[in-house]
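Take a look at the letters that make up each chain.
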Amino acid sequence: MLVDIITWPPLFQLVIAPGLVAALVIVIFILWFERKTAARVQMRIGPYHVSPRIGGGLQLIADLVRYSFQEIIIPKAADKPIFIGAPLAALVISLLPVVAMPFTTVPKYYPIPMDYSLLIAVALSTLSPIFIIAAGWASNNKFSIIGGLREAFVITAYELLIVITALAGGVAVLSYNLTDIVVAQKPFYKWILFTNPIAALTMFAAILMATSGFPFEIPEAENEIVAGAYTEYSGLMYGINMGAAYIKRFAYSLLFTLIFLGGWLPYEPSSGLIHGYLIPLVIVLVKSTIVMAIMSFLRAVYGRFRIDQALDGAWRIFIPLALIGFGIALIEAYLGVYA
Amino acid sequence: MPGKVVYKKTPKPRFLDAITGNLGAILIGLKYFANPNRLTMKYPYEYPQLRSNYRGFIVLDMKKCIGCMSCARICPAAAMKMVKVEVEKAGKKKQMPFPVINYNRCIFCGFCVDVCPTEALYHIPVHDVVYTNMEDMVLDLEKFQEKVESPSVKEGVPVRYLFDPDKGLVKVPIKEGGGEE
Amino acid sequence: MSTVESIPKKLPGMDVNKLGKDLYEVFIGPQHPGSGHMRIIIRVDGDVIVEADPDLGYVHRTMEKLAEGREFIKVIPLMERMAILDACNITLPYVEAVEKLLDIEPPPRAKYLRVLLCEINRIASHLYGLGIFGVFLGHSTMYMWPFGDREVFVELAEKLTGARLTHTYPVPGGVRRDLPQGFAEDAEKAIRYMEKRLEEYRKIFLDNPVIQKRLIDVGVISKNLAAQLGIVGPNLRASGIKYDVRIIEPYEVYDELDFEVPVFEEGDAFARAWIRIIEMQQSLRIIRQVLEKIPDGDPLHEKFWAKAPALYKKVFEQTKRVKLIPLYANLKVPEGRAFARGEAGRGEIVYMVESNGSTKPYRVRVVSPSFRNAIVFRYIVPGHRIADLPAIYGSIDYFPPEADR
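Residues numbered from 1 in each chain as written. Chains lettered and ligands numbered in written order. Predicted model: local features only at pLDDT ≥ 70, side-chain atom pairs only at ≥ 80, totals over all residues.

**With respect to the overall build of chain A**
A count of helices and strands for chain A gives 15 helices and zero strands. By the compact-globule yardstick of 20 Å for 339 residues, chain A fits well, its C-alpha radius of gyration being 20 Å. Taking the principal axes of the C-alpha coordinates as reference, chain A spans close to 60 × 55 × 45 Å. Within the span of chain A, comprising 339 residues, buried residues form 51% of the whole. (Helix = DSSP H or I, 4+ residues; strand = E, 2+ residues; numbered from the N terminus. Rg over C-alpha atoms; globule rule 2.2 N^0.38 Å. Buried ≥ 20, exposed ≤ 12 C-beta atoms within 10 Å, placed from the backbone.)

**Examining the overall build of chain B**
Secondary structure assignment for chain B yields five helices and eight strands. When the helices and strands of chain B are placed in sequence order, the string is β-α-β-β-α-β-β-α-β-α-α-β-β. Its C-alpha radius of gyration of 26 Å places chain B more than 25% over the 16 Å reference for a compact globule of 181 residues. Projected onto the principal axes, the alpha-carbon positions of chain B cover approximately 90 × 50 × 35 Å. Out of the 181 residues belonging to chain B, those deemed buried represent 24%.

**Quick notes on the interface of chain A and chain B**
On the side of chain B, 10 residues touch chain A, which itself brings nine residues to the contact. If one sorts the elements of the side of chain A that touches chain B by residue count, helix H3 (residues 20-41) of chain A sits on top with three residues. (Contact = placed C-beta atoms within 7 Å.)

**Some points on the sheet that holds strand S2 (residues 46-48) of chain B**
Across a sheet, strands are paired by hydrogen bonds formed along the backbone, either parallel or antiparallel in direction. Residue and element names in this part refer to chain B. Strand order in this open sheet of three strands is S2-S7-S8, and the pairing throughout is mixed. A single partner strand is all that each edge strand has here, and the edge strands are S2 and strand S8 (168-173). Within this sheet the neighbouring strands show an average axis-to-axis angle of 45 degrees, counted without direction. Bridge count for S2 against strand S7 (residues 157-164) is three bridges, and the pairing is parallel. Bridging across to S7, tyrosine 47 finds its partner in proline 158. (Pairing = 2+ DSSP bridges. Axes fitted to C-alpha atoms, helices over the stretch in contact; angles between N-to-C directions.)

**Here we look at the interface of chain B and chain C**
Tallying the contact residues gives 43 residues for chain B and 60 residues for chain C. Put simply, the parts of the chain that give the side of chain B that touches chain C at least two residues each are strand S1 (4-8), helix H1 (17-34), helix H2 (70-74), helix H3 (111-115), S7 and S8 of chain B. Sort the elements by how many residues they give to the side of chain B that touches chain C and H1(B) lands first, with seven residues. Of the strand pairs in this sheet, S1(B) and strand S8 (residues 260-264) of chain C are connected by five bridges, and their pairing is parallel. In the sheet register, Lys8(B) faces S8(C), and the bridge partner there is Phe264(C).

**Quick notes on the packing of helix H7 (residues 129-138) of chain A against helix H8 (residues 142-173) of chain A**
Residues and elements named next belong to chain A. It is the contact of H7 with H8, at a shortest axis distance of 7 Å, that shows an interaxial angle of 160 degrees. In terms of axis orientation, H7 runs roughly antiparallel to H8. Handedness of the H7/H8 crossing: left-handed. In contact with Pro129, Ile132, Ile133, Gly136 and Trp137 of H7, H8 contributes Ser144, Ile145, Gly147, Gly148, Glu151, Ala152 and Ile155. Of the residues in the contact of H7 with H8, the class split is seven nonpolar, four polar and one charged. (Parallel < 35°, antiparallel > 145°, perpendicular 65-115°, else oblique. Left-handed = near helix turned anticlockwise from the far one by under 90°. Nonpolar A, V, L, I, M, F, W, Y, C, P; charged D, E, K, R; others polar.)

**Describing the packing of helix H13 (residues 236-260) of chain A against helix H14 (residues 273-297) of chain A**
All names here are of chain A. Contact geometry for H13 and H14: axes closest at 9 Å, N-to-C directions at 115 degrees. Handedness of the H13/H14 crossing: right-handed. Along its contact with H13, which presents Arg249, Phe250, Ser253, Leu254, Phe256 and Thr257, the element H14 presents Val284, Lys287, Ser288, Val291, Met292 and Met295.

**Here's the deal with the pairing of strand S4 (residues 80-89) of chain B**
Residue and element names in this part refer to chain B. Little of S4 sits out of view: just one of its 10 residues are buried. Two strands pair when backbone bridges link them, and S4 and strand S5 (residues 92-101) are joined in this way by 10 bridges, in the antiparallel orientation. Opposite methionine 82, over in S5, you have proline 99 as the bridge partner. What sits between S4 and S5 in their antiparallel hairpin is a turn of two residues, with alanine 90 showing a positive phi close to 55 degrees.

**Some details on unusual backbone geometry**
Note the cis peptide between Phe214(A) and Pro215(A), where omega equals 0 degrees. One can find Pro215(A) in the loop between helix H11 (197-210) and helix H12 (222-225). With phi around 50 degrees, Thr168(C) is a residue other than glycine that occupies positive phi space. With respect to the element layout, Thr168(C) can be found in the loop between helix H5 (141-161) and strand S6 (170-171). Given 24 C-beta atoms within a 10 Å radius, Thr168(C) is considered buried.

**What to know about the pairing of strand S9 (residues 336-344) of chain C**
Residues and elements named next belong to chain C. Both S9 and strand S10 (residues 347-355) contribute to a ladder of nine bridges, which runs antiparallel. Looking across to S10, one finds that glycine 336 is bridged to serine 355. Taking the residues that link successive antiparallel strands as the turn, the S9-S10 hairpin has two residues.

**Overview of the sheet that holds strand S4 (residues 39-45) of chain C**
All names here are of chain C. Spatially, the three strands line up as an open sheet ordered S3-S4-S5, and their pairing is antiparallel. For this open sheet the edge positions go to strand S3 (24-28) and strand S5 (48-55), each flanked by a neighbour on one side alone. Averaged over all pairs of adjacent strands, the angle between their axes in this sheet comes to 20 degrees, without regard to strand direction. Sheet topology places S4 next to S5; seven bridges connect them, and they run antiparallel. Among the inter-strand pairings, arginine 43 is bridged to a residue of S5, identified as glutamate 51.

**Section: the environment of Pro113(A)**
All names here are of chain A. Tracing the chain through its elements places proline 113 in the loop between helix H5 (80-94) and helix H6 (117-125). Given 11 C-beta atoms within 10 Å, proline 113 falls into the exposed group. For the pair formed by proline 113 and asparagine 177, sequence separation is 64 residues and the distance between their alpha carbons is 9.4 Å.

**Some details on the confidence of the model for chain B**
Residue and element names in this part refer to chain B. Of all residues in chain B, 96% have pLDDT values of 70 or greater, and the mean over the chain is 84. Helix H5 (residues 152-155) is the least confidently modelled element of chain B, averaging 81 in pLDDT, while strand S3 (residues 57-60) averages 90, the highest of any element. Across the interface, the model reports ipTM at 0.87; the global pTM reads 0.90. (pLDDT = per-residue confidence, 0-100.)

**Section: H14(A)**
Over its 25 residues, H14(A) runs 35 Å from end to end, which matches the ideal 36 Å to within 8%, given 1.5 Å per residue. On its buried side, H14(A) packs onto H3, H11 and H13 of chain A together with H1 of chain B. (Expected span 1.5 Å × (residues − 1).)

**Re the environment of Met79(C)**
Structurally, the position occupied by Met79(C) is in helix H2 (residues 75-80). It is 7.0 Å that separates the C-alpha atoms of Met79(C) and Met63(C), two residues lying 16 residues apart in sequence.

**Notes on the environment of Phe316(C)**
All names here are of chain C. Following the sequence through the fold, phenylalanine 316 ends up in helix H13 (residues 310-319). Sequence separation between phenylalanine 316 and arginine 122 is 194 residues; the distance between their C-alpha atoms is 28 Å. Beyond its immediate chain neighbours, meaning those up to four positions away, phenylalanine 316 contacts Arg321 and Val322.

Given below as structure tokens:
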């Protein structure tokens, strides 16, 4: 009975996996991986002293404990309800697209009917940026306002890219149902990553733009505007802000995995809780962690763009590429590659 | 044959440079990710074994000092002061000035060691000493003659950095009785 | 209640401007990750900077006034703290000016040793500049790599002088230490390592399309404007003007060494990044030549060395440490005024030392290269975007303690 309640799909997917708990665990791992990777490339060690034998893996837990005990300072002239509420709302709403993602073919384990899941997932993912802009406005600090404005500009760059390239996956399979998209990529060579690499690359770049990944780390450019919209936050609010950006990246990379990397393939889910729900879920989580790890590696190689160069690149280079990817998907649909 | 001027131009990016530039940067990153070259010294579990000509803390050898006061005169930071102490030299008691040092001010320039005509002051290769309050850093004549100890010597492993044409500096732990330069 | 109109337009030393309706005033102040230790007040219209005002003086330490109360040799560690990164380049012209007043010339071996340390410091200073340049552009690898490679040269300098950064190496009459054992082999290894690393810097930084887009045609200083503003150093040479003190007025032994001075013509931030890499390659070449050509001899002028007691010579044989005779503490310099200039890592540094016959200088005036480069903020930055301010700042290699003295 208890197991039935816990594995009720809406509750399970939103709170446990891949919802809040799994997202936090994976984000902690990815943050550790990012710091270690950057350190390996940069002639240093990275997190070490907290737990030397496992390579400093508990450093992030130590950081979280430290943030929990730090005093949260709220500026007197800040707009209190929005100042406190905006990051929390951003954190929660960044996770919403998870509710529209299937992780199995068994209909018993869908949170919502999956007929238009692609559209719902993409639509839900566009809700969160407004809260960052609100947090920047509520801080009453010039650097925060500049950061919030930069976030507003960057939205115009990446949103269209995500919509077009996500739809390219749907068009190739001629269905809005994410389960159909995953099941259609059955042999290994039919992954949409290989048949339509342009769309995959464009969506990868768009995810970097959306979540402040290098080389597009513009809304929180440390050397120009201190910390952008997050300048005035301290203590646990600072930890929540940093986590929200990575949780958004996690939600996007789940979408990327389902569309382009074949979701839970090559495993075939059968009935039952473990074989039908948990194992495909773990496979999808591993694949999306690999995608996030590649994004973290780029931190060590790239600098950051200017805001007008990012917008310029998005509209002059990436949108034509996305349209070409969409065209390739149309050709694939016409030729019946995924029939 | 003095230096000559050479006119150069910066290379302008060409069409395909976007792809090759990105690939080159990522490949260099991957090369160092697979084979990192780390310089880090895990202080205080490892501490550097300094060379013998390092300008570290200064120690006085009272028997050689002749009281000429050159060290106090040349100190740029006014860290050396002379105190008069009664000593016995050649059977006669007399008052002689001896230097004492204030490590709050010392900048370890080494002028006092270089100017002493009898080599009564010398450097020891120690650079990390811990004092718990500022009064302790003003040494009197007794403490000035002792060789200060670095706290990392008790627990750490001494390491040395050797030059290497591939990796720049290579960290080498020193075994017991190993070479000191 | 006073309005903006009632404030007088020009108070002495203060510019009072009415803030336009759409302008935003941002203080890129000392507590900012992208400002170093200085304040820049910018007025922004949207994303475009309309006016930029550098506010110098945050680290002013009154070095020129302090130098009037210290003996001549005590001024050397004082002036060195101006830009501790290339310590030998900063103090060398002061020592040369004092030597001109004393009318002595150091022996040839001392001159070669001074040039050796100057070039090692120039490499370390350029690596520091490139590191800060990288981190201002967000490129954290280009921040860690130069600082890690700088460690090699700081170790080399420590082997030579006994201290990692505060060398205090030249003294009037010569140098304070001679080459230790095994220095030439270690220097050769360091040079080969650095040549390999400069190729890797090129691949990850200069050929990186993101960095190329950030730097090309940003902060362009044309040839005429560079001459009008009076900037110095690699920034001037990146704008097309061939001016390097090492070839215009060669000091020490630069007229006997074979090296190239690069001059670029574009004048943008990309050229300024390239010129530092090429200058480092030339400095490595100079170090190799110095180690080949160095003659034997005394490290100090005979006035300070020939009559030294036998203990000094014995210590020099054993530990290569030059002992200073007590005359240095009360060096009386004849009356007069002397000028000397040198090429530090960031540009031309000029000293004027005036003495009135006593043991302390009457006046020491120093014009540091970063002070002359500070004018770039006022005239070049307006018209660029906010994100170009760190790019221009890093490319001119401005070092606030050197400018504020």
